[in-house]
Amino acid sequence: MHEDIAEVLFTEKQIQERIQELGRQITEDYRGKNVLLLGTLKGAVPFIADLARAIELPLEIDYMAISSYGNSTQSSGIVRIVKDLEGPIDNKHVLIIEDIIDSGLTLAYLVDMLKRRNPLSLRICALLDKERPRAKTVPVDYLGFSIPDKFVVGYGLDYAQYYRNLPYIGILKPSVYGGTEEPEKEHSSPAEKR
Ligand code: PRP
Ligand code: MN
Ligand code: MG
């Protein structure tokens, strides 16, 4: 185990087994449909790579990169598109692939924006969902695991851009982010952390 990790929440094997189950379920639900897997950069990259290979259907993959405005203590919910999809989605069944739902603001924004592009259907698949209060509930259609409101990294999830390459998901030691308090948001920009 990495020395900065206090506890492993999900091993590589547990993650892979759960993804196989999700893949089977999605394969059944989307049979005969024109599917677009929409991954969010950068956190969802390992997840979408493994999940796509667990789905036995013809499908397209595209990515969006979005970044939150504002500082880490104020969740404004204002999101900027850094990279958009390549084409229209009005003839596609879109399945958003996210690594984690934390405040829910990223997904709330994304869903709002994508609905206005009139996809044939729009659903959400998230690997992790934090058990925490939210202003807006996020309707997750496919969920890997519910997790406690702890600071997690690995399997795509970063702290200041690091730890994405860990094959498991773990809780980061508080000493790593210098203090006993948890950082506000694991995905505030590096500039805010350095
Ligand atoms: C993280 C994570 C989710 C989002 C969840 O992404 O990968 O996309 O935050 O947080 P929320 O529910 O509070 O909006 P981040 O913005 O850190 O970008 P990254 O994927 O490049 O790390
Ligand atoms: Mn992300
Ligand atoms: Mg991040």
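Residues numbered from 1 in each chain as written. Chains lettered and ligands numbered in written order. Predicted model: local features only at pLDDT ≥ 70, side-chain atom pairs only at ≥ 80, totals over all residues. Heavy atoms only, no water.

Student: What exactly am I supposed to notice about the pattern of salt bridges here?
Tutor: It is possible for side chains bearing opposite charge to pair when their charged atoms get close. For the structure on display, the rule yields 11 salt bridges. Where Asp50 meets Arg53, a salt bridge forms, and the shortest distance between an N and an O atom there is 2.9 Å. Here Asp50 and its partner Arg53 are both found in helix α2 (residues 45-54), 3 residues apart, which amounts to about one turn of the helix. On the basis of relative accessible area, Asp50 is assigned to the buried category, the value being 17%. Residue class for Arg53 comes out exposed when judged on its relative accessible area of 66%. For the salt bridge of Lys92 with Glu60, the shortest nitrogen-to-oxygen distance reads 3.4 Å. Of the two residues, Lys92 is situated in the loop between β4 (79-83) and β5 (93-101) and Glu60 in strand β3 (residues 59-68); the sequence distance between them amounts to 32 residues. Judged by relative accessible area, which is 36%, Glu60 ranks as partly exposed. (Salt bridge = Lys/Arg side-chain N within 4 Å of Asp/Glu carboxyl O. Helix = DSSP H or I, 4+ residues; strand = E, 2+ residues; numbered from the N terminus. Buried < 20%, exposed > 50% of the residue type's maximum accessible area, 1.4 Å probe, protein only.)

Student: Which parts of the structure should I look at to understand the sheet that holds β3?
Tutor: Strands pair in a sheet through their backbones, by hydrogen bonds, and they do so in one of two ways: parallel or antiparallel. Spatial ordering of the open sheet is given by β4-β3-β2-β5-β6-β7, a layout of 6 strands whose pairing is mixed. Of all strands in the sheet, those with a lone pairing partner are β4 and β7 (142-147), marking the two edges. Here the strands of the sheet are splayed against their neighbours by 30 degrees on average, with no regard to which way each runs. Taken together, the 7 bridges between strand β2 (residues 35-41) and β3 define a ladder with parallel strand orientation. Across the sheet, residue Leu37 finds its bridge partner in β3, namely Ile61. Of the strands in this sheet, β5, β6 (121-130) and β7 are in contact with helix α1 (residues 12-29), which crosses β7 at around 150 degrees. Each of β2, β3, β4, β5 and β6 is contacted by helix α3 (residues 105-115), which is oriented at about 170 degrees to β5, the strand it contacts most. (Pairing = 2+ DSSP bridges. Axes fitted to C-alpha atoms, helices over the stretch in contact; angles between N-to-C directions. Contact = heavy atoms within 4.5 Å.)

Student: Help me understand the packing of aromatic side chains, please; the structure alone is not making it clear to me.
Tutor: Two aromatic rings are characterised by how far apart their centres lie and by the angle between their planes. Across all of its chains, the model carries 4 aromatic pairs by this definition. For the pair Phe10 and Phe145, a centre-to-centre distance of 3.9 Å together with 20 degrees between the ring planes defines the contact as stacked. Highlighted residues: Phe10 in strand β1 (residues 5-10) and Phe145 in strand β7, separated in sequence by 135 residues. Of the residues examined, Phe10 reaches a relative accessible area of 12% and is grouped as buried. A residue is classified by how much of its surface remains accessible, and Phe145, at 15% relative accessible area, is buried. Note on Phe151 and Tyr159: the rings are 5.5 Å apart at their centroids and 80 degrees apart in plane angle, and the pair reads as edge-to-face. What makes Tyr159 buried here is its relative accessible area of 13%. Through pairs of rings, three or more aromatic residues link up here, namely Phe151, Tyr159 and Tyr177. (Phe/Tyr/Trp six-rings, centres within 6.5 Å; stacked < 30°, edge-to-face > 60°.)

Student: Explain the sheet that holds β1 to me, please; I cannot follow it from the model alone.
Tutor: Taken together, 3 strands build an open sheet; the order of strands is β1-β9-β8 and the sheet is antiparallel. Unpaired on one side and paired on the other, β1 and β8 (152-153) mark the two borders of the sheet. Note: β8 against strand β9 (residues 169-172), 2 bridges, orientation antiparallel. By the bridge assignment for β9, Val152 is matched with Ile171.

Purely geometric numbers; function is a separate question.
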